[in-house]
Amino acid sequence: AQKVTQAQTEISVVEKEDVTLDCVYETRDTTYYLFWYKQPPSGELVFLIRRNSFDEQNEISGRYSWNFQKSTSSFNFTITASQVVDSAVYFCALSERPISNFGNEKLTFGTGTRLTIIP
Amino acid sequence: KAGVTQTPRYLIKTRGQQVTLSCSPISGHRSVSWYQQTPGQGLQFLFEYFSETQRNKGNFPGRFSGRQFSNSRSEMNVSTLELGDSALYLCASSPGTTPYNEQFFGPGTRLTVL
């Protein structure tokens, strides 16, 4: 069965510090996708990134960066120079193998990490 | 482009009642997925609809059902409500025509069962 583990339940850092959110996954599929979503207090999940299992290149988008390591089944997320607006719950998710050629939208989510940025 | 909309945003029901939640996907998106979010169980997949057909479902009892209309709008129904059904119900839409699409989530419907 697919599983996503986010061991850090809550993290608090002072504004401008860097912070890394950990994500470890389990799957038997050779093809899969990993996602990160942000959930601010409003409740809506905001898509951050999608990464396929064949692309281990690290990605940087502004203050956000992601480190995908297939050897350790990890897909960690780093926020550089954190800001108060980064305070939210962050979810890592895994997409299962499609049950048809047209896709399979079921996501397996981790339990989330609540990040608090202290001004 | 308008985002995913869900109605109502808040709902209070009593045990034994039934409830219907609505989701309108992003224009052009044909796949709608539903998730339940609770403090205890986290985010759990309920089911996905594509072109009016249920394409995948999670491990929820038959009290949870859904449907999708020809305009891709989807409804989710929970019958014989239990206290444990209190949750944030999130709807997500995606094009659905290729695997592993990113899903775009709505603001959710917060259901409270008394």
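Preceding this paragraph is the structure being described.
Definitions and limits used
- Residues numbered from 1 in each chain as written.
- Chains lettered and ligands numbered in written order.
- Predicted model: local features only at pLDDT ≥ 70, side-chain atom pairs only at ≥ 80, totals over all residues.
- Heavy atoms only, no water.
- Helix = DSSP H or I, 4+ residues; strand = E, 2+ residues; numbered from the N terminus.
- Buried < 20%, exposed > 50% of the residue type's maximum accessible area, 1.4 Å probe, protein only.
- Contact = heavy atoms within 4.5 Å.
- Areas by Shrake-Rupley, 256 points an atom, 1.4 Å probe, with all protein chains shown as cover.
- Lys, Arg positive; Asp, Glu negative; His and termini not counted.
- Charge placed at Lys NZ, Arg CZ, Asp CG, Glu CD.
- Pairing = 2+ DSSP bridges.
- Salt bridge = Lys/Arg side-chain N within 4 Å of Asp/Glu carboxyl O.
- Polar contact = N/O pair within 3.5 Å; in protein donor to acceptor, adjacent residues only side chain to side chain.
- Nonpolar A, V, L, I, M, F, W, Y, C, P; charged D, E, K, R; others polar.

Engineer: Would you mind going over the overall build of chain A with me for this structure?
Structural biologist: Within chain A, the secondary structure is distributed over 0 helices and 12 strands. Scanning chain A from its N terminus toward the C terminus, one meets helices and strands in the order β-β-β-β-β-β-β-β-β-β-β-β. Split into buried and exposed, the 119 residues of chain A put 48% on the buried side. The long-range fraction of contacts in chain A, counting pairs at least 24 apart against all pairs at least 6 apart in sequence, stands at 55%. Total accessible area on chain A is roughly 5900 Å²; 48% of this is exposed by carbon and sulfur atoms. If you average the places of the 11 positive and of the 14 negative side-chain charges in chain A, the two averages end up 4 Å apart.

Engineer: Explanation requested: the pairing of strand β10 (residues 88-95) of chain A in the structure shown.
Structural biologist: If a strand is regular, its side chains alternate between the two faces of the sheet. All names here are of chain A. With 8 of its 8 residues buried, β10 lies for the most part within the structure. Of the two faces of β10, the one lined by Ala88, Tyr90, Cys92 and Leu94 and the one lined by Val89, Phe91, Ala93 and Ser95 are each fully buried. Where strand β5 (residues 33-39) meets β10, 7 bridges bridge the pair, whose relative direction is antiparallel. From the neighbouring strand, Tyr33 faces β10, where its bridge partner is Ser95. Bridge analysis of β10 against strand β12 (residues 113-118) gives 3 bridges, and the strand direction is antiparallel. Bridging across to β12, Ala88 finds its partner in Leu115. Pairing of β10 with strand β11 (residues 107-109), which is carried by 3 bridges, proceeds in the antiparallel orientation. Following the sheet pairing, Ala93 is matched in β11 by Phe109.

Engineer: How should I be thinking about the interface of chain B and chain A in this particular structure?
Structural biologist: The parts lose accessible area when they come together, and the size of an interface is often stated as this lost area. Opposite the 24 residues of chain B that make contact, chain A presents 27 residues. The interface formed by chain B and chain A holds 1 salt bridge in total. We note a salt bridge from Glu102 of chain B to Arg50 of chain A, for which the minimum N-O separation is 3.3 Å. On inspection of chain B and its partner chain A, the count reaches 4 residue pairs in polar contact (both at pLDDT 80 or more). Breaking the side of chain B that touches chain A down by element, the ones donating at least two residues are β4 (31-38), β5 (42-50), β6 (53-57) and β9 (87-94) of chain B. Counting residues per element, the side of chain B that touches chain A draws most heavily on β4 of chain B, at 4 residues. Grouping the amino acids of the side of chain B that touches chain A by side-chain chemistry returns 9 nonpolar, 11 polar and 4 charged.

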